[in-house]
Amino acid sequence: MQFDRVPGPTLIDNDPEQIVGRRHAPRLRLSIPARLLTLDGASRCILVNLSRTGAHIGLKQPLAAGARAILQVDGIDSFGVVTRCDIGPNGGSNGFEFEDPLSDAEVLAMRQYAEGLERYEEARLRRQAEAWVEGKI
């Protein structure tokens, strides 16, 4: 499993409740398709990374900070709130914090799902290349 880690915590005014510069949980890098459900409807998105406590999601039209939504991907339906909104020239991304943290088993299952998608895509591209070489396309 590959996780992003940042340097150790920094305390604000020596208050242990105000730690800055450290994630609550390690992140699993993914880049897999998902859906984000809001009261306005469903949006396709890319689940960029995932932890027990939240996710980083790429969207064509990111939600505003404070928006509430449900992240759906391969059996996970997790309610949460948008904590960050970054907008770029071709869309943007949202930081998403889950209301109830995921279990370690759910994060591991997502890793296995992502690996299965990668193998499926490789096989699909290989079949397409073979068909092209054989003149079937």
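Residues numbered from 1 in each chain as written. Predicted model: local features only at pLDDT ≥ 70, side-chain atom pairs only at ≥ 80, totals over all residues. Heavy atoms only, no water.

Right, let's get into the pattern of salt bridges. Counted according to the given criterion, the structure contains five salt bridges. Arginine 52 serves as the salt-bridge partner of aspartate 104, at 3.4 Å between the closest nitrogen and oxygen. Of this pair, aspartate 104 sits in helix H1 (residues 104–133) while arginine 52 sits in the loop between strand E5 (41–50) and strand E6 (54–59), and the two are 52 residues apart along the sequence. Assessed through its relative accessible area of 36%, arginine 52 is described here as partly exposed. (Salt bridge = Lys/Arg side-chain N within 4 Å of Asp/Glu carboxyl O. Helix = DSSP H or I, 4+ residues; strand = E, 2+ residues; numbered from the N terminus. Buried < 20%, exposed > 50% of the residue type's maximum accessible area, 1.4 Å probe, protein only.)

This part is about H1. Here H1 is 30 residues long and its end C-alpha atoms lie 44 Å apart, about the 44 Å a rise of 1.5 Å per residue gives. Buried within H1 are the following residues: Val107, Met110, Ala114 and Ala131. At its buried positions, H1 is contacted by strand E4 (27–38), E5, strand E7 (68–73) and strand E8 (76–88). Of the residues flanking the end of H1, it is glycine 135, one or two places downstream, whose phi is positive at about 80°. (Expected span 1.5 Å × (residues − 1). Contact = heavy atoms within 4.5 Å.)

Now for the environment of alanine 105. As for its position among the elements, alanine 105 is in helix H1. We classify alanine 105 as exposed; its relative accessible area is 54%.

So, about the confidence of the model for the protein chain. Chain-level pLDDT for the protein chain is 83 on average; 82% of the residues reach the 70-or-more range. Confidence over residues 1–21 falls short of pLDDT 50; this stretch has 32 contacts with residues more than four positions distant or in other chains. (pLDDT = per-residue confidence, 0-100.)

On to a nonpolar patch on the surface, then. Together, Trp132, Val133 and Ile137 line one region of the surface with nonpolar side chains, adding up to about 410 Å² of accessible area. Positionally, isoleucine 137 belongs in the segment after H1. (Patch = residues over 30% accessible without salt bridge, like charges linked within 9 Å, V, L, I, M, F, W, Y side chains within 5 Å. Areas by Shrake-Rupley, 256 points an atom, 1.4 Å probe, with all protein chains shown as cover.)

This part covers the pairing of E7. Along any regular strand, the residues point their side chains to alternate faces of the sheet. Here E7 shows a buried face lined by Ala69, Leu71 and Val73 and an unburied face lined by Arg68, Ile70 and Gln72. As judged from the three bridges shared by E4 and E7, these two strands associate in the antiparallel manner. Bridge pairing links leucine 37 to isoleucine 70 in E7. With antiparallel pairing between neighbouring strands as the criterion, E7 and E8 make up a hairpin whose turn holds two residues, including aspartate 74 at a positive phi of roughly 35°. (Pairing = 2+ DSSP bridges.)

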